[in-house]
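The chain contents come next:
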Amino acid sequence: METIEWDMPLEQVLSYQPDLLILSTVDSMTGQLTDYEEIAPTYVFKPEDHNDIRQQIKIIGEIVGKSDEAEARLNEYDSKVTEAKEQLVNTVGDETVAIIWVAGDQYFMFEQDRHAAKVLYEELGLTPSALTVELGAAEANWNPISLEKLAELEADHLFLLAEEGVTGVDALENSSVYQNLKAVQNDHVYHYTDPSNWTNKGIIAYEKTIEDVTEAFNN
């Protein structure tokens, strides 16, 4: 299938003549719920179901009449989680981990339950840094973190997400704050130029994150 803009522009949606629409939310969509319902039958996830990828898959399986296939897909995912978790117990143990995303000239630190962080901390059992824990639960508005606050980061390992050419990367890497971080001094920083799987919720994104993490710690 071809991809579509994340905010589901009505004309673009209509051009595909869909038989069914499944939305994670309508709050950030271009149209209103009634606009989409006029195009095709529309299902909107409850936030708690969309935040749980297992519920995502089960519900979609029910909607399209493929519950058995959905269950098989989840079993496949759980096997990957179990295998990766067993590897990481031996290579990482209880060493602490943090995730930072550089977007433009701003820095965003992942809370324990935001996007890919759920994979690292809940699924794979990695230990969050103290600063990660201090941030608390993720809120709808994701606020940037200052360099001064990042100076408090005491993580053994750091996953750094930044696309090529992002202006804030040079400023970060050239700062004394960054250079004094434990993970930087011990060469335990893992830089990814494609943050897409790290900043989304879904079984494919989560599996790609698992691959990134296990590869980082096995090299």
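Residues numbered from 1 in each chain as written. Predicted model: local features only at pLDDT ≥ 70, side-chain atom pairs only at ≥ 80, totals over all residues. Heavy atoms only, no water.

S.K.: I keep staring at the overall build of the chain and nothing clicks. Help me out?
M.R.: A tally of helices and strands in the chain yields 12 helices and 7 strands. Based on the C-alpha atoms only, the size of the chain along its principal axes is roughly 55 × 35 × 30 Å. Put simply, the chain has 219 residues, and 41% of those count as buried. Put simply, the chain shows about 12,200 Å² of open surface, and 46% of that area lies on carbon and sulfur atoms. Between the mean site of the 13 positive side-chain charges and the mean site of the 43 negative ones, the chain shows a separation of 6 Å. (Helix = DSSP H or I, 4+ residues; strand = E, 2+ residues; numbered from the N terminus. Buried < 20%, exposed > 50% of the residue type's maximum accessible area, 1.4 Å probe, protein only. Areas by Shrake-Rupley, 256 points an atom, 1.4 Å probe, with all protein chains shown as cover. Lys, Arg positive; Asp, Glu negative; His and termini not counted. Charge placed at Lys NZ, Arg CZ, Asp CG, Glu CD.)

S.K.: Mind showing me how you'd approach the pattern of salt bridges here?
M.R.: Between side chains of opposite charge, a pair can form when the charged atoms approach closely. In total, this model carries 12 salt bridges according to the counting rule given. Via salt bridges that share partners, Arg73, Glu76, Lys80 and Glu207 belong to a single interconnected network. (Salt bridge = Lys/Arg side-chain N within 4 Å of Asp/Glu carboxyl O.)

S.K.: Looking at this structure, I do not really get helix 5 (residues 67–91). What am I missing?
M.R.: If you check helix 5, its first and last C-alpha atoms are 36 Å apart, about what 25 residues at 1.5 Å a residue would give, namely 36 Å. Buried within helix 5 we find Ala70, Leu74, Tyr77, Val81, Ala84 and Leu88. Elements in contact with the buried residues of helix 5: helix 4 (53–63), helix 6 (117–123) and helix 12 (203–218). Phi turns positive, to about 60 degrees, at glycine 93, one or two residues after helix 5. (Expected span 1.5 Å × (residues − 1). Contact = heavy atoms within 4.5 Å.)

S.K.: Help me out: how do you make sense of the pairing of strand 3 (residues 96–103) in this one?
M.R.: For strand 3, a buried count of 6 out of 8 residues is recorded, marking the element as mostly surrounded by other parts of the structure. Sheet topology places strand 3 next to strand 5 (residues 127–128); 2 bridges connect them, and they run parallel. Its bridge partner being in strand 5, valine 97 is matched across the sheet by proline 128. Looking at chain direction, strand 3 and strand 6 (residues 157–161) are connected through 5 bridges and run parallel. If you follow tryptophan 101 over to strand 6, its bridge partner there is leucine 161. The antiparallel hairpin formed by strand 3 and strand 4 (residues 106–109) contains 2 residues in its connecting segment, where glycine 104 sits at a positive phi of about 65 degrees. (Pairing = 2+ DSSP bridges.)

S.K.: Hey, could you run me through the packing of helix 5 against helix 12 in this one?
M.R.: Any two packed helices are characterised by how steeply their axes cross, that is the angle between the axes, and by the distance between the axes. Contact pair helix 5 / helix 12: the axes reach a minimum separation of 10 Å and the direction vectors enclose 20 degrees. On the basis of their axis angle, the class for helix 5 and helix 12 is roughly parallel. For the pair helix 5 and helix 12, the sense of crossing is left-handed. Across from Arg73, Leu74, Tyr77, Lys80, Val81, Ala84, Gln87, Leu88 and Thr91 in helix 5, the residues of helix 12 making contact are Ile203, Ile204, Tyr206, Glu207, Ile210, Val213, Thr214, Phe217 and Asn218. (Axes fitted to C-alpha atoms, helices over the stretch in contact; angles between N-to-C directions. Parallel < 35°, antiparallel > 145°, perpendicular 65-115°, else oblique. Left-handed = near helix turned anticlockwise from the far one by under 90°.)

S.K.: What am I meant to see in the packing of aromatic side chains here?
M.R.: The geometry of an aromatic ring pair is captured by the separation of the ring centres together with the interplanar angle, meaning the angle of the planes. Within this structure, the stated rule accounts for 11 aromatic pairs. Aromatic side chains tryptophan 101 and tryptophan 142 sit 5.6 Å apart centroid to centroid with 35 degrees between the ring planes, which places their arrangement in the tilted category. Placement of the pair is tryptophan 101 in strand 3 and tryptophan 142 in the loop between helix 7 (130–135) and helix 8 (147–150), with a sequence separation of 41 residues. For tryptophan 142, a relative accessible area of 17% gives the class buried. By the ring-pair criterion, three or more aromatic residues cluster together here, those being Phe159, Tyr190, Tyr192, Trp198 and Phe217. (Phe/Tyr/Trp six-rings, centres within 6.5 Å; stacked < 30°, edge-to-face > 60°.)

S.K.: Where do I start with the nonpolar core in this structure?
M.R.: Across soluble globular proteins, you tend to see nonpolar side chains buried next to one another. In this structure, Leu120, Leu126 and Phe159 are the most contacted members of the largest nonpolar core, which totals 32 residues. Of all elements in the fold, only helix 4, helix 5, strand 3, helix 6, strand 6, strand 7 (189–192) and helix 12 reach the threshold of two or more residues within this core. Ignoring anything within four residues of it in the chain, the contact list for leucine 126 reads Leu88, Val92, Val97, Leu120, Tyr121, Val213 and Phe217. If you look at the next biggest cluster of nonpolar residues, it comprises 20 residues, including Met109, Leu131, Leu172 and Val177. (Core = buried A, V, L, I, M, F, W, Y, C linked by side-chain atoms within 4.5 Å.)

S.K.: Whenever I open this one, helix 12 confuses me. Can you help?
M.R.: One turn of the α-helix equals 3.6 residues, which is why residues spaced by three or four share an orientation. Between its first and last C-alpha atoms helix 12 spans 22 Å; for 16 residues at 1.5 Å apiece the expected length is 22 Å, and the two agree. Every buried residue of helix 12 is accounted for by Ile203, Ala205, Tyr206, Glu207, Thr209, Ile210, Asp212, Val213, Thr214, Ala216 and Phe217. As for helix 12, its buried residues are in contact with helix 4, helix 5, strand 3, helix 6, strand 6 and strand 7.

S.K.: Explain the environment of glutamine 17 to me, please; I cannot follow it from the model alone.
M.R.: By the secondary structure assignment, glutamine 17 is in the loop between helix 1 (10–15) and strand 1 (21–23). Overall, glutamine 17 belongs to the exposed group, its relative accessible area being 67%. When the C-alpha atoms of glutamine 17 and leucine 161 are compared, they prove to be 36 Å apart, with 144 residues separating the residues in sequence.

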